[in-house]
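A look at the structure
What follows is the residue order along each chain.
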Amino acid sequence: MRADLLKKELGIFTFEDLMNHYPLRYIDRTKIDVIGSITLQTDYIQVKGTIREIQTLGERRQKRLIAWLEDDTGVVELTWFQGIQWVQKILHEGSRYLVYGKTSFFNGRPQITHPEIELFDPALAKGKSFLEPVYPTTEKLKAKGLNARQLAKLTAALITVVSEKDVYENIPEVIVQKLDLLKRYEAIVSIHFPKNLQDYEKAIHRLKFEEFFLAQVRMAMIRGRRHRKSKGVVFEKVGALFNSFYNHHLPFELTNAQKRVIKEIRNDTAKSHQMNRLLQGDVGSGKTIVALLVMLIAADNGYQSCLMAPTEILAQQHYNNLKNLLKDLPAGIALLTGSTKQSERKTMLEDLKNGSIKILVGTHAVIEKVVQFNNLGLVIIDEQHRFGVAQRAKLWEKAETPPHVLVMTATPIPRTLAMTAYGDLDYSVIDELPPGRQPIITVHRFETKRASVMDFVKNEIAKGRQVFFVYPLIEESEKMDYENLMAGYEQVKSFFPEHKYRISMIHGKMPAEQKEVNMQRFKSGDTHILVGTTVIEVGIDVPNASVMVIESAEKFGLSQLHQLRGRVGRGGDKSYCVLLSAYKLGEEAKARLKIMCATNDGFKIAEKDLELRGPGEIEGTKQSGMLNFKLANIVNDKDLLSIAKFYAETVLKEDEELVQPGHSGLKNYLFSQKGKTAWSKIS
Ligand code: ADP
Ligand code: MG
């Protein structure tokens, strides 16, 4: 019965699970404050007293139970909105209780809502000062008598019967000694029943290190195995296509970062294992040219490449761009999207199959079954966070030997996140922008100052520049998004009358052709202003656009804001980003706008984003499960993460399959945990 509930409510199936159900916090039973000491500044408090009166008030959903607890110095109100029946059973007027909870004031009187409560036991209070664990529990469990206290008793009983053999060491002895870590057994005992604060801290330190270390070992093993075992296409040489492009058609000198990344990819694809590489580079760092050069290497070796983009507009842009760059080089390039005409599609599919198309650019239309390659050797995915894992898997089926994979993202990933969420991928960074870029000037303005912002925009247009206006998506309703955008469009029109200004608009629901037409009009300079939703977020390149106005900027996430800002500043002109917001802002929104104004550095912004939102909320990582650490946190414990990574790699360098006796504990543990951790490969 209890076991069932434990399973259902807390996911505790085994003794081991119970042992790994760590306390939420600890209380010192000997530290009891008096009720009269509660002030507005008091946070959590432990008091003892006598229950004077119990009342239930309200009906149904409004129902609440109030009890008054009194000691010599005052009275505090205890309130429950849930679990009322259970409280009624255990609470008796005139009895003495020990009460713990967060205090607040209501109508000037102190109260504690949903306190922890138990009969006061003088024997416990007189004992030696010690930290008693308080476990996370649920209302349902409490109702069945499995409150935090009971869980503590269960765990205490369990701890007395397990021995060092049951909780065997899973970190190699050398490392335990070198880093002066608690043994695993000691750490488990101490995290449940610490003798003192120091003891507790040592236990936490050890267990956090363990979490990071195990995750790093796992990922390094996957990476290592892929390198050793996976069969991949070999790009043996750099040939005529690459060389003639590099020597005659390259429109600019590559940055050192671009050169380095191409070398890394070149090395990787020349070996006989499948490349699985994440390439990240800030907006405008020049990833497209890297993609093209790698695709030319593939073509030089007789292999086809596929470049996938998340939106039709972006696919089209890549295609035009690449075609332009390639000029007359015989590199057989084609574009396949949802709106490719049936007749074109037919010949295209044939040309793909017979190998005369060397480079296929497209949207997710390319993963359809009917799209078959002659010999696909390379897949490049632009803006990876928009492509699902399952979608990508379908591409692998298109070739006998899995093609090399290069995932490109302009959403900079903080180092710690790259190490954890993407740790099983190889990874390259373009950390340098092409020369001559002027930093974009970013300002934050309240909507009340809209008129002066519009004057500024007019000025820029008078100088021959173009302007973006972006409106947020309000995800609950497409209809509302549309209305919101239309209202914005009307507003922009009221400032920029039709006889003087030309405005185009794009949004997600527009037919692809119309989107393309409107986009092209803006790109070619025919319209001055482009009003749109976040569809213009990804990748769009219009060098003459110098102002990005983001409406309701407080509604955007940091990486989105940074992406949007990256749409300007691509030409030689001074560029601006104006963040318009409501006057009243939450703390987090304020912090976001502030960092946007303070820096253009995508990596700094990504770090801040991680800090503000926490690791679990970052796009693309939720499904990875890599960040499900119980104690460790990649923001607060990033130094420990680096140390864990270093030791994990050291271990695997000398013993890649963990066969040495000194690594048996580690190996056994990893093996026993297989299937328990929900961590999926990114690609
Ligand atoms: P992103 O990394 O955001 O995809 P792009 O590949 O679109 O960036 O490049 C942004 C702009 O910078 C393009 O106009 C491109 O032609 C230009 N560019 C790329 N590399 C260089 C370079 N080494 N020198 C000068 N301009 C470059
Ligand atoms: Mg790009």
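Residues numbered from 1 in each chain as written. Chains lettered and ligands numbered in written order. Predicted model: local features only at pLDDT ≥ 70, side-chain atom pairs only at ≥ 80, totals over all residues. Heavy atoms only, no water.

1. What to know about the site of ligand 1
Taken together, 16 residues lie near ligand 1, and Glu253, Gly284, Lys287, Thr288 and Arg437 sit nearest. One of the side-chain N or O atoms of Thr288 is found 2.6 Å from an oxygen atom in ligand 1. For ligand 1, the protein covers 80% of the area, taking 560 Å² as the surface of the free molecule. The residue inventory of the shell around ligand 1, partitioned by class, reads four nonpolar, six polar and six charged. (Near = heavy atom within 4 Å. Polar contact = N/O pair within 3.5 Å; in protein donor to acceptor, adjacent residues only side chain to side chain. Areas by Shrake-Rupley, 256 points an atom, 1.4 Å probe, with all protein chains shown as cover. Nonpolar A, V, L, I, M, F, W, Y, C, P; charged D, E, K, R; others polar.)

2. With respect to the confidence of the model for the protein chain
For the protein chain, the average pLDDT comes to 86, and 92% of its residues sit at 70 or higher. Contacts from residues 677-683, a stretch scored under 50 in pLDDT, to residues over four places away or in other chains number 26 contacts. (pLDDT = per-residue confidence, 0-100. Contact = heavy atoms within 4.5 Å.)

3. Section: the environment of Asn600
Secondary-structure assignment places Asn600 in the loop between α21 (587-598) and α22 (602-613). Sequence spacing of Asn600 and Pro439 is 161 residues, and the spatial spacing of their C-alpha atoms is 7.0 Å. At a separation of 3.0 Å, a polar atom in the side chain of Asn600 contacts the main-chain carbonyl oxygen of Ile440. (Helix = DSSP H or I, 4+ residues; strand = E, 2+ residues; numbered from the N terminus.)

4. Some points on the environment of Ile529
By secondary structure assignment, the location of Ile529 is in strand β19 (residues 529-532). Exposure remark for Ile529: the relative accessible area of 0% places this residue in the buried category. Residues Ile529 and Phe496, 33 residues apart in the sequence, show an inter-C-alpha distance of 9.2 Å. If near-sequence neighbours (up to four positions away) are discounted, Ile529 is found in contact with Ile461, Val467, Phe469, Val492, Phe496, Arg502, Ile503, Ser504 and Phe522. (Buried < 20%, exposed > 50% of the residue type's maximum accessible area, 1.4 Å probe, protein only.)

5. Thoughts on the packing of aromatic side chains
Aromatic rings in a pair are described by how distant their centres are and how their planes are angled relative to each other. For the structure on display, the rule yields 13 aromatic pairs. When the ring of Tyr26 is compared with that of Tyr200, the centres are 4.9 Å apart and the planes differ by 70°; the resulting orientation is edge-to-face. Of the two residues, Tyr26 sits in strand β1 (residues 25-28) while Tyr200 sits in helix α9 (residues 197-229), which places them 174 residues apart along the sequence. Under the relative-accessibility criterion, Tyr26 is labelled buried at 17%. Each ring, one from Phe235 and one from Tyr303, has its centre 5.7 Å from the other, and the planes form 40°; the classification is tilted. Here Tyr303 lies in the loop between α12 (287-300) and β10 (304-308) and Phe235 lies in the loop between α9 and α10 (240-249), a separation of 68 residues in the sequence. Overall, the relative accessible area of 0% leaves Phe235 in the buried class. (Phe/Tyr/Trp six-rings, centres within 6.5 Å; stacked < 30°, edge-to-face > 60°.)

6. Thoughts on the domain arrangement of the protein chain
What the domain assignment reports for the protein chain is domain 1 (2-164), domain 2 (240-430) and domain 3 (441-599). Using only C-alpha atoms to locate each centre, domain 2 and domain 3 end up separated by 29 Å. Each partner contributes residues to the interface: domain 2 has 16 residues there, and domain 3 has 18 residues. Around 1300 Å² of area is buried between domain 2 and domain 3 when both sides are counted, 58% of it from carbon and sulfur atoms. Summed over the shared surface of domain 2 and domain 3, the result is zero salt bridges. At the boundary of domain 2 and domain 3, one finds two residue pairs in polar contact (both at pLDDT 80 or more). When the residues that make up the side of domain 2 that touches domain 3 are grouped by side-chain class, the tally is six nonpolar, six polar and four charged. (Domains from an automatic or database assignment. Buried area = accessible area lost by both parts, 1.4 Å probe. Salt bridge = Lys/Arg side-chain N within 4 Å of Asp/Glu carboxyl O.)

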